[in-house]
Amino acid sequence: MEVITAVAAWAAASICQGLSSDHWLASLCPPGSNDLAALSEKLSANANLYYPGSDAFVRSTNRWSVSYAPGVSVVAVPAVEQDVVEIVKYANQNDIPFLAYTGGHGAIKSLSKMQNGIEIWMDQLSDVKVSEDGTSATIAGGTLSKAVVDSLWAAGKQTVTGGCECTSLLGPGLGGGHGLLQGHHGLVSDQFLSMNIVLANGTLQTVDENSPDLWWALQGAGHNFGIVTSITVKVYDIKHRNWAYTAFTFTDDKVEGLYAAINEHLLPPPPNLINYGFFMYSPNIDPKPVTFYYIVQEGVTTVDSIYLQPFRDLGPATEDAGSGEYTDVPRWLGWDDASAPCQHVGLANLRYPIDIESYDIQAMRQVYDLFTTATQETPALNGSFFLVEGYPVQGVQAISSESTAFPYRGDNLLVAPVLSYKPAGPDLDRKADDLGNQLRQIIHKATNRKELHSYVNYAAGDETKQSWYGSEQWRQDKLLALKEKYDPDRRFSFYAPIA
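Caption draft 1: Layout of the overall build of the protein. On a plain count of helices and strands, the protein comes out with 15 helices and 20 strands. Computed over its C-alpha atoms, the radius of gyration of the protein comes to 23 Å, within 12% of the 23 Å expected for a compact globule of 499 residues. Projected onto its principal axes, the C-alpha coordinates of the protein cover approximately 75 × 55 × 45 Å. The buried share of the protein, reckoned over its 499 residues, is 58%. In the protein, the share of contacts with a sequence separation of at least 24, taken over all contacts with a separation of at least 6, comes to 74%. Surface summary for the protein: the accessible area is close to 19300 Å², and the carbon and sulfur share equals 49%. Across the protein, 33 positive and 55 negative side-chain charges occur, with their mean positions spaced 3 Å apart.

Below is the structure:
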């Protein structure tokens, strides 16, 4: 049977057949009893359990990156918030690890520490309700960004979400979360008003600014403290429906000029402007890696020429432009459901992020040249790319850095090599990992900083907790104290763990 529903608890016994004696599920299947059936009986009528061998299990465990994937033995699919409570209590009682899952884009190495565990797939917890006064919306914990954007847009509202349509609101949001509207309103986490969260002890609590310490931690380090089953966020009237973009491509002889122009003319960009790009191989344009660079502007039908002329003066290989609405932006940038970042096709995708204040021109030339040489020497890595993201920061920096656990409000840019390849054994994994770290180290050295600023939502997993959550000792002490208070048994320690 592919899907075992909660109301058909008797069917859970079938999974006990054929299990090895050392599998944790086997211990739950003694003669005459079945603990999985007991769990199923506690879940709501529309909750599900998916088991290995079923199409539903494959669909629900599929990930954007297959490297360092968690080891899932059963998928529990809650249909109501109380189901999450029951699943966590069951896992605690049986000493089974668990991991909440929404869009499947987490690619950090620490995820692989979850083995023989329960995946809590939040897929059915998807809903958006705008408040009567129109100033907030309550969003279910598994709702993906596209559903949030489309639902709010239809109501004449919007809020800050992550860029990719296929990631959830909360996956990025619990780690801060960059978004197109952050120049006006701040990070995704800066929109939080209150949340329902299942804590490590299996209790469902409503948390807001009246629980100041935990609330502080949930805005930037939230993956460490619970499973958010619903959240209320600020929403805003749509002020500008029109958006426009111009897209350039630049060959390798323009590297220095491109980053010098960004530093001079778009750092930081105005609140209504986003600059975003990446370099990768595009043989139809040039045999060497090509930089694809986008300037996106809110409130216009064509991007203002004052922002475009410095880049036209460089002599781009191509230029393209278009206009539409906010909901079109993901398609322009390759962030929509149909684009490569939203496909789960069995690739390893390893990111090595670093936040910086400005581009060091020589360092950008060095990473471009190293990327070119290394991928030519190892052609299996030539599907990789190097991200350069420049979001407006006015709304982010209007909020005190000390007021939340997100540590890097002072930085202007997010860059990250992304090593993308078809897995082919440990030697290729090692080459990819080495290259990712070498590329990042070039950028880091040029910052003249001792500490590495690493965006936790892109983290590779070999960074330090100081890199993810800030090097100030008071931040580390506060997070550790909160971890001891709310999760002393470290039940939430598979994504960028504090401890």
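Caption draft 2: Examining the sheet that holds strand E11 (residues 227–234) more closely. The antiparallel open sheet is built from five strands, whose spatial order is E6-E7-E11-E9-E10. Where the open sheet ends on each side, the last strands, each with one partner, are strand E6 (128–130) and strand E10 (204–208). On average, adjacent strands in this sheet sit at an angle of 15° to one another, irrespective of strand direction. In the packing of helix H3 (residues 81–93) onto the sheet, contacts are made with strand E9 (192–198), E10 and E11, and the angle to E11 comes to roughly 145°. Across the sheet, helix H4 (residues 145–154) touches E6 and strand E7 (136–140), and the angle it forms with E6 is around 30°.

Caption draft 3: Structural view of the nonpolar core. Core analysis: the biggest nonpolar cluster contains 86 residues, and Phe192, Met195, Phe225, Ile231, Trp243, Val296 and Leu479 have the highest contact counts within it. Here the element with the most residues in this core is helix H7 (residues 212–218); it accounts for five residues. If we skip the residues at most four places from it in the chain, Met195 touches Gln205, Thr206, Val207, Trp215, Leu218, Val228, Ser230 and Ile231. Val255, Tyr281, Leu413 and Ala432 belong to the second largest nonpolar core, which has 47 residues in total.

Basis of the calculations
All residue numbers refer to positions counted from 1 along the written sequence of the respective chain. Only residues with pLDDT of 70 or above have their local features reported here, since the model is predicted, and side-chain atom pairs are shown and tallied only from 80 upward, although totals for entire chains, interfaces and linings are computed over all residues. The side-chain values count all of the structure's non-hydrogen atoms but skip hydrogen atoms and water molecules. Segments assigned H or I by DSSP are reported as helices when at least four residues long, segments assigned E as strands when at least two residues long, and all are numbered from the N terminus. With C-alpha atoms as the basis for the radius of gyration, the globule rule is written as 2.2 Å multiplied by the number of residues raised to the power 0.38. Note on classification: 1.4 Å probe, protein chains only; a residue is buried when its accessible area is under 20% of the maximum for its type, exposed when over 50%, partly exposed between these limits. What makes two residues a contact is simply this: any of their non-hydrogen atoms within 4.5 Å. We get accessible surface area from the Shrake-Rupley algorithm with a probe of 1.4 Å; when it comes to residues, only the shown protein chains can shield them. The charge count treats Lys and Arg as positive and Asp and Glu as negative. His and the chain ends do not count. Think of each charge as sitting on NZ of Lys, CZ of Arg, CG of Asp or CD of Glu. Pairing between strands requires that DSSP locate at least two bridges from one strand to the other. Note on geometry: axes are C-alpha line fits, over the in-contact stretch for helices, and angles between N-to-C directions span 0 to 180 degrees. What is meant by a nonpolar core is a set of buried Ala, Val, Leu, Ile, Met, Phe, Trp, Tyr and Cys residues, joined one to another through side-chain atoms within 4.5 Å.

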